Amino acid sequence: MQLPQFRMAALSLLAAVALFPACQRATYVAKPQLAPATAQPVGKDLADDAMAAATIAPYRQRVTEQMAAVLGTAPVAITKNSGESPLANFVADLQRSRASRETGQPIDLGVMTNGGLRSPLPAGSITMGSVFELMPFENELVILEVSGAVVQQLFEYAARVKMPISGATYVASPEGRPTDIRINGQQFNPAQDRMYTIAISDYLAGGGDQLTFFKNSKPRSTGVLLRNAIADHIRELTAAGRPVEAKVDGRVK
């Protein structure tokens, strides 16, 4: 005889739980109380810790010496700008040259976006620090092997921003479409049954800077950091008695 009473009690409890949130005034919001100042203010007036400074000193000296090492000399600054620029041509060309040396095979194209070039190379002495400012990332130089259809997508991307591509020339229409594409002087046909090699950073090869059409292509490692490739190229120019120079040569018309 007590079973119906038990069921009624259970139903009443469930109804109370279901309706309880609707009766609350508001959700509790915590209000943290922070001290107005830390026990140890941090600023320029804070004295160096003698033990920490002594530990850091030899490393700081070594880094300073390495960054100040002169790699070469540029008669004028090598700068970047929207569209084709001396700096974009310089880096894309050395990528293709270094990738070819690492593989022992010719590389069709070299690609570097403006976003990957963070600072110009200054006029006068070019130091290792200058190269770090240009390329502060730990990006590796890699090689992609892609179809003509993917290369077509690359040029469609390039034409929208008039980006130069090492090893190629093209005409960018007023609407931002690529025409008269030539790779190593030969007319490009995206329907041609062949693969193309591209020297590029691992970041861009993975789809960075919206180069998403590369994401399905597996990069081949060279084991060379792009920063080191730039520094090595400048050293080689210096060893050959040549200045560090670059120019706009009409890759994008």
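Residues numbered from 1 in each chain as written. Predicted model: local features only at pLDDT ≥ 70, side-chain atom pairs only at ≥ 80, totals over all residues. Heavy atoms only, no water.

**Some details on the packing of helix α3 (residues 86-103) against helix α7 (residues 226-239)**
Where α3 meets α7, the axes come as close as 10 Å, and the angle between the chain directions of the two elements is 95°. For the element pair α3 / α7, the angle class is roughly perpendicular. Mapping the contact onto sequence places F90, V91, L94, Q95, R98 and R101 in α3 and L226, N228, A229, I230, D232, H233, I234, E236 and L237 in α7. Split by residue class, the contact of α3 with α7 holds eight nonpolar, three polar and four charged. (Axes fitted to C-alpha atoms, helices over the stretch in contact; angles between N-to-C directions. Helix = DSSP H or I, 4+ residues; strand = E, 2+ residues; numbered from the N terminus. Parallel < 35°, antiparallel > 145°, perpendicular 65-115°, else oblique. Contact = heavy atoms within 4.5 Å. Nonpolar A, V, L, I, M, F, W, Y, C, P; charged D, E, K, R; others polar.)

**What about the side chain of S130?**
You can see S130 is positioned in helix α4 (residues 128-134). For S130, a relative accessible area of 7% translates into the label buried. If sequence neighbours within four positions are ignored, S130 has contacts with L121, P122 and S125. (Buried < 20%, exposed > 50% of the residue type's maximum accessible area, 1.4 Å probe, protein only.)

**Describing the confidence of the model for the protein**
The share of residues in the protein with pLDDT of 70 or more is 87%, and the mean pLDDT across the chain is 89. Confidence drops under pLDDT 50 across residues 13-23; counting only partners more than four residues distant or on other chains, this segment forms zero contacts. (pLDDT = per-residue confidence, 0-100.)

**Re the sheet that holds strand β6 (residues 178-183)**
Strand order in this open sheet of three strands is β5-β6-β7, and the pairing throughout is antiparallel. This sheet does not close on itself; its edge strands, each paired only once, are β5 (168-172) and β7 (186-187). Summarising the sheet, β6 and β7 pair through two bridges and their orientation is antiparallel. Its bridge partner being in β7, R182 is matched across the sheet by Q187. Contacting β5 and β6, helix α5 (residues 148-161) runs over the sheet at an angle of about 125° to β6. (Pairing = 2+ DSSP bridges.)

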